[in-house]
Amino acid sequence: MPAPRGTPIGLRLAGVARDVGRAFDDALASAGGSRPMWMVLLALKSGAAASQQQVADHIGIRGATLTHHLSGMEERGLVVRTREPGDRRTQVVRLTEEGERMFVAMAGAAQEFDKRLRRGLTAAEVSQVDALLQRLQENAGVRGPKLPGDAAT
């Protein structure tokens with residue numbers, strides 16, 4: 001088999017993902033948040049999740065990791081967790097007014113970052129990038145967390 005020409009796609013993609021991920025994390029931090037916090041806020045605001053387990057399933061992280069993030073968010077007054085009256089094992093997660101304000105701030109930062117990424121790209125190119133990334137994910141045999149704007153599956 002001949003050696004691949006140029007940088008292997010996986011190596012290039014991993015580097016780009018790392019660099020863009022760090023820049024996105026910086027944008028969210030400038031609004032006072034983090035990527036895990038943003039994922040939780042999105043899950044709650046979209047109505048896709050209400051219980052702690054649903055949030056964990058929706059964003060694709062383990063329960064213990066989510067508990068850590070939710071504890072920090074609770075300490076900051078962004079969310080409250082309550083036990084479900086009919087099922088004491090289930091914790092319901094709700095946004096507070098401060099959580100709503102944080103969502104708005106982080107949404108603005110995320111939208112500005114997205115505009116920055118799209119700079120100089122046509123709508124057709126953005127669609128092509130999305131389709132190619134989805135194909136690479138399928139080819140790798142992996143499936144990430146469901147993101148806002150993803151087609152229903």
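The following refers to the structure shown. Counting of residues starts from 1 at the beginning of each chain's written sequence and follows it residue by residue. Given that the model is predicted, a residue must reach a pLDDT of at least 70 before its local features are reported, and side-chain atom pairs must reach 80 or more before they are shown or counted; all residues, however, enter totals for whole chains, interfaces and linings. Think of the side-chain values as coming from all heavy atoms in the structure, minus any hydrogens and water.

Examining the overall build of the chain
Reasoning step 1: Across its full length, the chain carries 6 helices and 2 strands.
Reasoning step 2: Listed by position from the N terminus, the elements making up the chain come as α-α-α-α-β-β-α-α.
Reasoning step 3: Buried, partly exposed and exposed residues are distinguished by accessible area as a fraction of the type maximum, computed with a 1.4 Å probe on protein chains only: under 20%, between the cut-offs, and over 50%, respectively. By residue count, 25% of the 153 residues in the chain fall in the buried class.
Reasoning step 4: Throughout, a residue-residue contact means that at least one pair of heavy atoms, one from each residue, lies within 4.5 Å. Long-range pairs, those at least 24 residues apart, make up 50% of the contacts in the chain between residues at least 6 apart in sequence. Starting at the N terminus, helices and strands are each numbered in turn, a helix being any DSSP run of H or I of at least four residues and a strand any DSSP run of E of at least two.

Brief notes about helix α5 (residues 97-118)
Reasoning step 1: One fewer than the residue count of a helix, multiplied by 1.5 Å, yields its expected span. Under the 1.5 Å per step criterion, the end-to-end length of α5 is 32 Å for 22 residues, consistent within 8% with the ideal 32 Å.
Reasoning step 2: Buried within α5 we find Gly 99, Met 102, Phe 103, Met 106, Ala 107, Ala 109, Ala 110 and Phe 113.
Reasoning step 3: Here the buried face of α5 lies against α1 (9-30), α2 (35-46) and β2 (87-95).

Some details on the pairing of β2
Reasoning step 1: Pairing between strand β1 (residues 79-84) and β2: 6 bridges, direction antiparallel. Within β2, the position partnered with Val 80 by the bridge is Arg 94.
Reasoning step 2: A loop of 2 residues connects β1 with β2, the two strands running antiparallel in sequence. Here the rule is simple: two strands pair whenever DSSP picks up at least two bridges between them.

So, the environment of Ala 105
Reasoning step 1: Considering the arrangement of structural elements, one finds Ala 105 in helix α5.
Reasoning step 2: Relative accessible area serves as the criterion here: at 36%, Ala 105 is assigned to the partly exposed category.
Reasoning step 3: Sequence separation of Ala 105 and Gly 6 is 99 residues, and the distance between their C-alpha atoms is 41 Å.

Section: the side chain of Gln 52
Reasoning step 1: Position of Gln 52 among the secondary structure elements: in helix α3 (residues 52-59).
Reasoning step 2: Under the rule applied, a polar contact is a pair of N or O atoms within 3.5 Å (in protein, one hydrogen donor and one hydrogen acceptor; residues adjacent in sequence only if both atoms are side-chain atoms). In this structure the side chain of Gln 52 is engaged in a polar contact, spanning 2.8 Å, whose partner is the side chain of Thr 67.
Reasoning step 3: In this structure, Gln 52 is in contact with Gly 63, Leu 66, Thr 67, Leu 70, Arg 81, Gln 91 and Val 93, ignoring residues within four places of it in sequence.

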